[in-house]
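# Examination of the molecular architecture
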Amino acid sequence: MCSICWRHAADHHIYLQVRKLFPSARQLSNTWHSVVKIQQSLYREAPGLDPFRPDQKTPVPNFFLAGSYTKQDYIDSMEGATLSGRQCAAAVLEAAPSLAQSSSSSRASSRAAVAEPVPA
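What comes next concerns the included structure. (Residues numbered from 1 in each chain as written. Predicted model: local features only at pLDDT ≥ 70, side-chain atom pairs only at ≥ 80, totals over all residues. Heavy atoms only, no water.)

Our next topic: the overall build of the chain. When helices and strands are tallied, the chain shows two helices and zero strands. Per-residue burial for the chain yields a buried fraction of 14% across its 120 residues. In the chain, the proportion of contacts linking residues at least 24 apart, taken out of those at least 6 apart, comes to 27%. Per element, the accessible surface of the chain, about 10000 Å² overall, is 62% carbon and sulfur. (Helix = DSSP H or I, 4+ residues; strand = E, 2+ residues; numbered from the N terminus. Buried < 20%, exposed > 50% of the residue type's maximum accessible area, 1.4 Å probe, protein only. Contact = heavy atoms within 4.5 Å. Areas by Shrake-Rupley, 256 points an atom, 1.4 Å probe, with all protein chains shown as cover.)

When you line up the elements, Leu-99 lands in helix 2 (residues 78-115). Counting along the chain gives 37 residues from Leu-99 to Asn-62, while the straight-line C-alpha distance between them is 7.0 Å. For Leu-99, the contacting residues outside a window of four places in its chain are Asn-62 and Phe-64.

The phi dihedral of Asn-62 falls on the positive side, at around 60 degrees, and the residue is not glycine. In this structure, Asn-62 sits in the loop between helix 1 (3-21) and helix 2.

Below you can see the structure in the form of structure tokens.
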């Protein structure tokens, strides 16, 4: 089988799988599709390196990370980036009360500093 014929057969097979997975789409007509395969789309993580991936919540106050490189279950992929974004949002929401409190206290201290008379 030529490489072009194999590609069309593989594309068609994937197309059929999608129609099987999403029954509500069976009545739709597909006008265009493309299957993208990239050999180097994922990196191979060596055993023991997971502890070196950064968490979404950092030691720096009010500084959070999101991305496929952060600590989550799907290494360097779109799924990993999405999961990391959700974990980052959860960390921000978890930290929100303390961030709001520190923000209001810092505003109060700056107002107090401005209100103090400057010695001549």
